[in-house]
Amino acid sequence: LFSAVEMAPRDPILGLNEAFNADTRPTKVNLGVGVYYNEEGRIPLLRAVAEAEKARLAAHAPRGYLPIEGISAYDQAVQKLLFGADAALIAEGRVVTTQALGGTGALKIGADFLKRLLPDAVVAISDPSWENHRALFESAGFPVQNYRYYDPFSNGVNRGGMLEDLRSLPSRSIVVLHACCHNPTGVDLKLEDWKAVLEVLREREHVPFLDIAYQGFGDGIEQDAEAVRLFAESGLQFFVSSSFSKSFSLYGERVGALSIVTNSQEEASRVLSQVKRVIRTNYSNPPTHGATVVAAVLNSPELRALWEEELGEMRDRIRSMRLAMVEQLAALGAKRDFGFVAEQRGMFSYSGLTVEQVERLKTEFGIYAVGTGRICVAALNSRNLSAVTSAIARVL
Ligand code: PMP
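Here the residue index of a chain counts from 1 through its sequence in written order. Where totals are concerned, whole chains, interfaces and linings use all residues; where local detail is concerned, this predicted model gives features only for residues with pLDDT of at least 70, and gives and counts side-chain atom pairs only at 80 or more.

**With respect to the sheet that holds strand E2 (residues 95–101)**
- Note on pairing: two strands pair once DSSP finds at least 2 bridges between them. In this description a helix means any DSSP run of H or I spanning at least four residues, a strand means any run of E spanning at least two, and both kinds are numbered starting from the N terminus. With mixed pairing, 7 strands are arranged side by side in an open sheet as E2-E10-E9-E8-E7-E3-E4. Each having just a single partner strand, E2 and strand E4 (144–148) make up the two edges of the open sheet. In this sheet, adjacent strand axes meet at a mean angle of 25 degrees when their direction is disregarded.
- Judged from the 4 bridges that link them, strand E8 (residues 207–212) and strand E9 (residues 238–243) form a sheet pairing that is parallel. Paired with Asp-211 across the strands is Ser-241, a residue of E9. For helices, the fitted line uses only the C-alpha atoms of the stretch in contact; every axis is such a line through C-alpha atoms, and the angle between N-to-C directions lies from 0 to 180 degrees.

**Section: the site of the ligand**
- Every residue near the ligand is listed here: Gly-34, Gly-102, Gly-103, Thr-104, Trp-130, His-178, Asn-183, Asp-211, Ala-213, Ser-243, Ser-245 and Gly-256.
- Here the shell around the ligand gets 3 residues from one element, more than from any other, and that element is helix H5 (residues 102–117). Defining nearness, a residue is near a molecule or strand when the C-beta atom obtained from its backbone falls within 6 Å of it.

**As for the nonpolar core**
- Here, a nonpolar core denotes buried Ala, Val, Leu, Ile, Met, Phe, Trp, Tyr and Cys residues that are linked to one another through C-beta atoms within 7 Å. Exposure in this text rests on C-beta crowding, where 20 or more other C-beta atoms within 10 Å of a residue's own make it buried, 12 or fewer make it exposed, and counts in between make it partly exposed. The C-beta atoms are placed from the backbone. Counting residues in hydrophobic clusters, the biggest one holds 114 residues, and the most contacted among them are Leu-210, Val-228, Val-294, Val-297 and Met-347.
- Residue contributions to this core peak at 8 residues, all from helix H12 (residues 301–331).
- No fewer than three residues from each of domain 1 (12–45 + 304–395) and domain 2 (63–299) sit in this core.
- Throughout, a residue-residue contact means that the two C-beta atoms, derived from backbone geometry, are no farther apart than 7 Å. Aside from chain neighbours lying at most four places away, what touches Leu-210 is Leu-177, Ala-179, Ala-227, Val-228, Phe-231, Phe-238, Phe-239 and Val-240. A domain assignment, automatic or from a database, supplies the domain bounds used here.

**Focus on the domain arrangement of the protein chain**
- Under the domain assignment, the protein chain is made up of domain 1 (12–45 + 304–395) and domain 2 (63–299).
- Computed from C-alpha atoms alone, the centre-to-centre distance between domain 1 and domain 2 is 27 Å.
- Listed as interface residues are 23 residues of domain 1 and, on the opposing side, 24 residues of domain 2.
- Breaking the side of domain 1 that touches domain 2 down by element, the ones donating at least two residues are H12 and strand E11 (348–350).
- Among the elements that take part in the side of domain 1 that touches domain 2, H12 stands out by supplying 7 residues, more than any other.
- Considering only residue class, the side of domain 1 that touches domain 2 consists of 13 nonpolar, 5 polar and 5 charged. Amino acids outside the nonpolar list (Ala, Val, Leu, Ile, Met, Phe, Trp, Tyr, Cys, Pro) and the charged list (Asp, Glu, Lys, Arg) are all regarded as polar, and Gly is one of them.

**Brief notes about the pairing of E4**
- Bridge count for strand E3 (residues 123–127) against E4 is 5 bridges, and the pairing is parallel. Counted as the bridge partner of Ile-125 is Asn-146 from E4.

**A short note on unusual backbone geometry**
- A cis amide bond, omega 0 degrees, links Asp-127 with the succeeding residue Pro-128.
- By the secondary structure assignment, Pro-128 is in the loop between E3 and helix H6 (131–139).
- Of the consecutive residues Asn-183 and Pro-184, the connecting peptide bond is found in the cis state with omega at 20 degrees.
- Residue position: Pro-184 is located in the loop between strand E7 (174–178) and helix H8 (191–204).
- Positive phi is not limited to glycine here, since Ser-249 has a value of about 50 degrees.

**What to know about the pairing of E9**
- Most of E9 sits out of view: 6 of its 6 residues are buried.
- Each parallel crossover has a hand, and the one from E8 via helix H9 (residues 226–234) to E9 is right-handed.
- Where E9 and strand E10 (residues 255–261) come together, 6 bridges link them in antiparallel fashion. Considered in E10, the bridge of Ser-242 is made with Ala-257. The path from the first strand over the helix to the second decides the hand: if it runs clockwise while the strands point away from the viewer, the crossover is right-handed.

**A word on helix H3 (residues 72–83)**
- A helix is expected to span 1.5 Å multiplied by its residue count minus one. End to end, H3 covers 16 Å across 12 residues, agreeing with the expected 16 Å (1.5 Å per residue, within 8%).
- Among the residues of H3, those classed as buried are Tyr-74, Asp-75, Ala-77, Val-78, Gln-79, Leu-81, Leu-82 and Phe-83.
- Those residues of H3 that are buried are in contact with helix H4 (88–91), E2, H9, E9, E10 and helix H11 (289–298).
- Gly-84 sits one or two residues past H3 and shows a positive phi near 100 degrees.

This is the structure we're talking about:
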């Protein structure tokens, strides 16, 4: 049965973690990770989460099956966070939200449902994108193409190239867009760019699939939802995958959601019935813990205020690490201006380091980054920063 099974290629980031763990140098730093570490170099357990967990534990609630679409209070809280508490499409019952196994699970349910709706569609993702986007949509049976996105010369967005590529896709293609804090580059579209993109999608009848995995890590909870709100007001039908892995520091609990914006309440109920079939045949219904905790926090004014404060602390710490990195590199006389790092948003930065420079950082200095030059700014802290910046200055 298994004699012809080939070894699958190793996940490059997991391979990096293994090499990091085996490194015995005490000064080693892992910038290859995709999680937020606090100033102490640990994944935080948010106080708002701990409070909600205490109450949940005390309640000794039975663990029956959840509805297929998840906890209703959770799904509603997700909608308000994404579209705004007073959004017309919520009041009109035009949006369907189902709890999902993280942002990844939301993308997978959305992809499987889309395959039934548009079996011959092409999926387009940014160049570069989160590495799982391509694999997810390919495994759902779609051909996946790239649209131009990152411009290495300006360290910004190749807006003209992006619009041109979106225009030349077959009409009714599925276009995956990072709503904020682009992974891996940290480079986001400005509001004017979003408007231009939206008009091309409308003209070409493409299906937008907004992926928002870092709401609150860029400029703020409301500000980071700017693109989602723009689409919500556009009258287009679209998909949104969202995740609380980062914003609640609940990576392992797998808390995300899929939201689908339709044209009417009646359409929404038909869409929901089909999405439920997809979920039912994949894993039947979602787990209880993470979504119960998130719903408890979002629906309690006190815990919500505490969460917003803690999320703000994470966001501010990342920002201060970006600024300190730029300053230190300039003070060290680095042979490049790293000012663009301060303009990027979210946990990641495309640093512009080459494969060779990344390799030297690892072998000579014990500093681990992804071969593309992606570094996780959220893994920097005041103790490891100077080691990182001086090593970068040396390899340039
Ligand atoms: N989309 C993007 C752009 C991501 O960066 C990630 C996580 N790294 C996800 C989706 C998946 O999120 P989750 O861990 O909640 O599945």
